[in-house]
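Topology and contacts: notes
Listed below, chain by chain, are the residues.
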Amino acid sequence: MTSPPATVFLIDVDNTLLDNDGVIADLRARLEQSFGAQEASRYWVAFEQLRDQLGYVDYLGALQRLRAGESRLGMSDQRLLRMSNFLIDYPFADRLYPGALEALKHLSRHGPTVILSDGDVVFQPRKVQRSGLWDAVEGRVLIYVHKEQMLDVVEQLHPARHYVMIDDKLRILSAMKAIWGPRLTTVFVRQGHYALDTQAIAAYAPADITVERISDLINFDFPST
């Protein structure tokens, strides 16, 4: 049997490889342009309700709730259908952070790279595919509701002697470190609103490595397989 690689790199998507805050800003602008500020606010109420109920962001589900709240005539509004097209056909490749693909290529010289993301089973895979990240990691993509609770499955699918987790959320990194301990090197990428929330950051111990941008990882040499 082939021995497992020395290191497997697990990489988050939203605000780690891809500027998801920018995606949200584009969606907010499009909703207000199409429906007006008051109607658009109903989408964000549904958005937050679903996040609390499901534990992940459900963009399409929030749009469904917006539609369900309309009258029978309102449900026929073409703007709702066009908004779904906007989400499904969004050019996610344009939202990759500078150097994201180069960082993945650099990491792959030291061990297999695996996308490990939270999200739904429809929109999040679409985002990973259309951004080019699916191909960049040769299809090694894992998407869960709470990825920090799935480490036993991650280990079965991608066994390794050591793991590196790269994420913009210290909460996730701390939870994973508590489970894997010294088998895990945590890398905190200070991109996006979660990573810049000083109150949230103060609640957790620092990561093993902190970088300002995903492209900074090109300058790190990790142990090779």
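Whatever comes next refers back to the structure up there.
A brief structural summary. (Residues numbered from 1 in each chain as written. Predicted model: local features only at pLDDT ≥ 70, side-chain atom pairs only at ≥ 80, totals over all residues. Heavy atoms only, no water.)

Attention now goes to the side chain of D58. With respect to the element layout, D58 can be found in the loop between α2 (37–54) and α3 (59–68). Here G61 takes part through its backbone nitrogen, which lies 2.8 Å from a polar atom of the side chain of D58. (Helix = DSSP H or I, 4+ residues; strand = E, 2+ residues; numbered from the N terminus. Polar contact = N/O pair within 3.5 Å; in protein donor to acceptor, adjacent residues only side chain to side chain.)

This next bit is on the pairing of strand β1 (residues 7–11). For a regular strand, the rule is simple: side chains alternate between the two faces of the sheet. The buried count for β1 comes to 5 of 5 residues, which makes it a mostly enclosed element. With burial as the criterion, each face of β1 is covered, one bearing T7, F9 and I11 and the other bearing V8 and L10. Alignment of β1 against strand β2 (residues 113–118), held across 3 bridges, turns out to be parallel. Bridge assignment links L10 to a residue of β2, and that residue is V114. (Buried < 20%, exposed > 50% of the residue type's maximum accessible area, 1.4 Å probe, protein only. Pairing = 2+ DSSP bridges.)

Attention now goes to the pattern of salt bridges. Going through the model one piece at a time under the given rule, you end up with 15 salt bridges. Between R51 and E48 there is a salt bridge, with the nearest N and O atoms lying 2.8 Å from each other. Linking R51 with E48, this pair stays in helix α2, spanning 3 residues, or about one helical turn. R51 sits in the partly exposed class, given a relative accessible area of 24%. A relative accessible area of 36% means that E48 is categorised as partly exposed. (Salt bridge = Lys/Arg side-chain N within 4 Å of Asp/Glu carboxyl O.)

Attention now moves to unusual backbone geometry. One non-glycine residue, N15, lies in the positive phi region at around 65 degrees. Within the secondary structure, N15 is located in the loop between β1 and α1 (20–35). Note on N15: relative accessible area 2%, which makes it buried. Even without glycine at this site, E138 takes up a positive phi of about 55 degrees. Since its relative accessible area comes to 64%, E138 is described here as exposed.

Right, let's get into the environment of S41. Mapped onto the elements, S41 comes out in helix α2. The spatial distance from the C-alpha of S41 to the C-alpha of L107 is 41 Å, given a sequence separation of 66 residues.

Let us look at the nonpolar core. Formed by 48 residues in total, the largest nonpolar core has its most connected members in L27, Y43, Y59, I166 and I214. Per-element tally for this core: the top contributor is α2, with 6 residues. Other than its neighbours up to four places away in sequence, L27 contacts Y43, W44, Y59, M83, F86 and L87. One finds V114, L116, V154 and A195 within the second-largest nonpolar core, a separate group that totals 20 residues. (Core = buried A, V, L, I, M, F, W, Y, C linked by side-chain atoms within 4.5 Å. Contact = heavy atoms within 4.5 Å.)

The subject of this paragraph is the side chain of K147. Considering the arrangement of structural elements, one finds K147 in the loop between β3 (141–144) and α8 (151–157). A residue is classified by how much of its surface remains accessible, and K147, at 2% relative accessible area, is buried. Polar contacts involving the side chain of K147 include one to the main-chain carbonyl oxygen of L116, which spans 3.3 Å. Not counting residues up to four positions away in its chain, the partners in contact with K147 are D12, L116, S117, D118, M165, D167 and I172.

On to the sheet that holds strand β5 (residues 184–189), then. Strands sit in the order β3-β2-β1-β4-β5-β6 across an open sheet of 6 strands; the sheet is parallel. Where the open sheet ends on each side, the last strands, each with one partner, are β3 and β6 (209–211). Adjacent strand axes in the sheet meet at a mean angle of 20 degrees, parallel and antiparallel pairs treated alike. As paired strands, β1 and strand β4 (residues 162–167) are joined by 5 bridges and run parallel to one another. For V8, the partnering residue across the bridge sits in β4 and is Y163. Docked against the sheet, helix α6 (residues 123–131) engages β2 and β3, running at close to 150 degrees with respect to β3. Its contacts with the sheet place helix α9 (residues 170–180) against β1, β2, β4 and β5, and it is angled at close to 175 degrees to β5. (Axes fitted to C-alpha atoms, helices over the stretch in contact; angles between N-to-C directions.)

The next subject is α3. For α3, every residue scored as buried is listed here: Y59, G61, A62, L63 and L66. On its buried face, α3 is in contact with α1, α2, α4 (78–88) and α6.

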